[in-house]
Amino acid sequence: MTGRSVLPEKGAPMDVSDRARKVVACRVCGGGDWQDVVSFGPVPLANGFLDPAGSYDDEPYYPLGVISCRSCRLMSVTRIVDPEVLYRTYPYVTSDSETITRHMRYVAETCVRRFAIGEDDLVVEIGSNTGTQLLAFREAGTRTLGVDPARNLAAVANGNGVPTLPEFFSAGVAETIREEHGPARLVLGRHVFAHIDDLAGVVDGVRGLLAPDGVFAIEVPYALELLERVAFDTIYHEHLSYFLVRTLGTLFERHGLRLFDVERLSVHGGSILAFVGHPQGPWQVRPAVAELSSLEERTGLFEDSAYRVFAKNVGHIREELPALIQRLVADGKRIAGYGASAKGNTILNVCGLGPEHLDYCSDTTDLKQDKVLPGTHVPVRTPEYARVHPPDYFLLLAWNYADEIIRKEASFLRAGGRFILPIPKPSIVSDGSA
Ligand code: TMP
Ligand code: ZN
């Protein structure tokens, strides 16, 4: 285990370990034989943006680490922070980037066409944020209902005409939806499934809500890619689970559903879109399920050694990235963060980077602007500010949009600006190399 604590030396952030429940039983298979993978010590919440203040003494720090279940190979965070703390007011607004807008249209079109979702059919989205994905379904004429516990975001969605319940999805909520709106032809969860502790309750709820020919489509970061890309920054308190295809298969089988297809996607650093239905339903199991499961086996992901290699690679980045940045700062270079992503906050906090390295962090999200980053307290600024105060280097904290951002920032690169890519190995992109 990499056990270096990241608690800052100065100031007195609060270690509130006692407010985060330790994971004991595996939320997929019920097992309890865990392999320790990485441990980052106490870390603040990745979306815990703060108002600028004279002192941040009350900022809560929770232990952050990952373990792997030796029976089903679920990777799980070590501690569960109360979802009421994490999600009731939430600063993450679904990206309106080109990449994600295109992707959301693809998800809607694929599901509507492939599962013949018609005008009267109901599409329910769990973790629907401000409703942009559901709007893409509405263009296809379907009935839609969003469910999202973030009251600030549900209010925006409702204001935009996308009916949204400000609730955590549960078996009880599923039953109410079925009573009021009838069964769902599609239940969608994009990048929400990894945030759910009570998987059993949610999957049972979805089973009860789905029509006999209904489909549960979930999109999650793919643990195989996380390990291969050393994307350790995907690890933060909100991401409770990191899934392999085989682990998902185990989960749904245990709850009377069947994983019948899976597609690999490039979004968010490599994700999978998994399709699940009733075992008696019309959907035949496609070869991709067995193919990916056997790829996972061949890659050694059911053995301890793969996770030891990952931990070693994480250790290398935690040394090389700060060393590179310290060298640049010592040379008088000015550096700023690009994209105040949640994972960026893992990178900064876990690598010990802060305001002594970054002048500011540029971000397009209104809710984050004029705040400071959790833990490091680097100020968040608008892209307009960044254009007026260009640094020599941008540390690309939103590396999952690298292609789009590097294209968009061609003039910054042409003027001699550079990007630092933190993973899989810290590297520099300049005009010549882009
Ligand atoms: P995400 O990876 O969780 O979607 O977060 C990406 C963050 O980066 C989000 O706060 C928006 C921000 N961002 C920018 O500031 N500029 C950009 O061009 C893009 C694509 C994202
Ligand atoms: Zn397990």
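Comments concerning the environment of V215
Right, so step 1: Along the chain, the position of V215 falls in strand β11 (residues 210–221).
Right, so step 2: When the C-alpha atoms of V215 and H389 are compared, they prove to be 49 Å apart, with 174 residues separating the residues in sequence.

Observations regarding unusual backbone geometry
Right, so step 1: I423 connects to P424 through a cis peptide bond whose omega is -5 degrees.
Right, so step 2: Considering the arrangement of structural elements, one finds P424 in the loop between β19 (418–421) and β20 (427–429).
Right, so step 3: Even without being glycine, R73 reaches a positive phi, approximately 60 degrees.
Right, so step 4: Along the chain, R73 turns up in the loop between β4 (60–69) and β5 (75–77).
Right, so step 5: Overall, the relative accessible area of 3% leaves R73 in the buried class.
Right, so step 6: Phi is positive for V230, which is not a glycine, with a value near 55 degrees.
Right, so step 7: Position of V230 among the secondary structure elements: in the loop between α7 (223–228) and β12 (241–242).
Right, so step 8: On the basis of relative accessible area, V230 is assigned to the buried category, the value being 4%.

Some details on the coordination of the zinc ion (ligand 2)
Right, so step 1: Coordination of the zinc ion (ligand 2) by the protein involves C26 (SG), C29 (SG), C69 (SG) and C72 (SG), with metal-donor separations of 2.3 Å.
Right, so step 2: For the zinc ion (ligand 2), the 4 donor atoms in the first shell make angles of 101 to 115 degrees at the metal, a pattern classed as tetrahedral.
Right, so step 3: Read in sequence order, the donor residues coordinating the zinc ion (ligand 2) give the pattern C-x2-C-x39-C-x2-C.

A word on the pattern of salt bridges
Right, so step 1: For the structure shown, the criterion picks out 19 salt bridges.
Right, so step 2: The closest approach of N and O atoms between K371 and D51, which form a salt bridge, is 3.1 Å. Residue K371 is located in the loop between β16 (358–362) and β17 (380–381), and its partner D51 is located in the loop between β3 (34–44) and β4; the two are separated by 320 residues in the primary sequence.
Right, so step 3: Taking the shortest distance from any N to any O, the salt bridge between R185 and D121 comes out at 3.0 Å. With R185 in strand β10 (residues 184–190) and D121 in the loop between α2 (98–114) and β7 (122–126), the pair connects residues that are 64 residues apart, well separated along the chain. Of the two residues, R185 and D121, neither departs from the other in class, the shared state being buried.
Right, so step 4: Through salt bridges with shared partners, a single ionic network connects D33, R70, R73 and D304.

Focus on the packing of aromatic side chains
Right, so step 1: Going through the model one piece at a time under the given rule, you end up with 17 aromatic pairs.
Right, so step 2: Between F216 and F252, the aromatic rings sit 6.0 Å apart at their centres with planes inclined by 90 degrees, giving edge-to-face as the arrangement. In this pair, F216 is assigned in strand β11 and F252 in helix α8 (residues 245–254), connecting sequence segments 36 residues apart.
Right, so step 3: With a relative accessible area of 1%, F216 lands in the buried category.
Right, so step 4: One aromatic cluster is present, formed by F115, F260, F275 and W283 through successive ring pairs.
Right, so step 5: Here the basic side chain of K343 rests over the ring of W399, its NZ or CZ set 5.8 Å away from the ring centre.
Right, so step 6: The residue whose ring lies beneath R381 is Y385, and the NZ or CZ to ring-centre distance is 5.3 Å.

Conventions adopted
Residues numbered from 1 in each chain as written. Chains lettered and ligands numbered in written order. Predicted model: local features only at pLDDT ≥ 70, side-chain atom pairs only at ≥ 80, totals over all residues. Heavy atoms only, no water. Helix = DSSP H or I, 4+ residues; strand = E, 2+ residues; numbered from the N terminus. Buried < 20%, exposed > 50% of the residue type's maximum accessible area, 1.4 Å probe, protein only. Donors = N, O, S within 2.8 Å, 3.2 Å for Na, K, Ca; no water. Tetrahedral: all angles 85-135°; square planar, octahedral: opposite > 155°, others 65-115°. Salt bridge = Lys/Arg side-chain N within 4 Å of Asp/Glu carboxyl O. Phe/Tyr/Trp six-rings, centres within 6.5 Å; stacked < 30°, edge-to-face > 60°. Lys NZ or Arg CZ within 6 Å of the ring centre and 35° of its normal.

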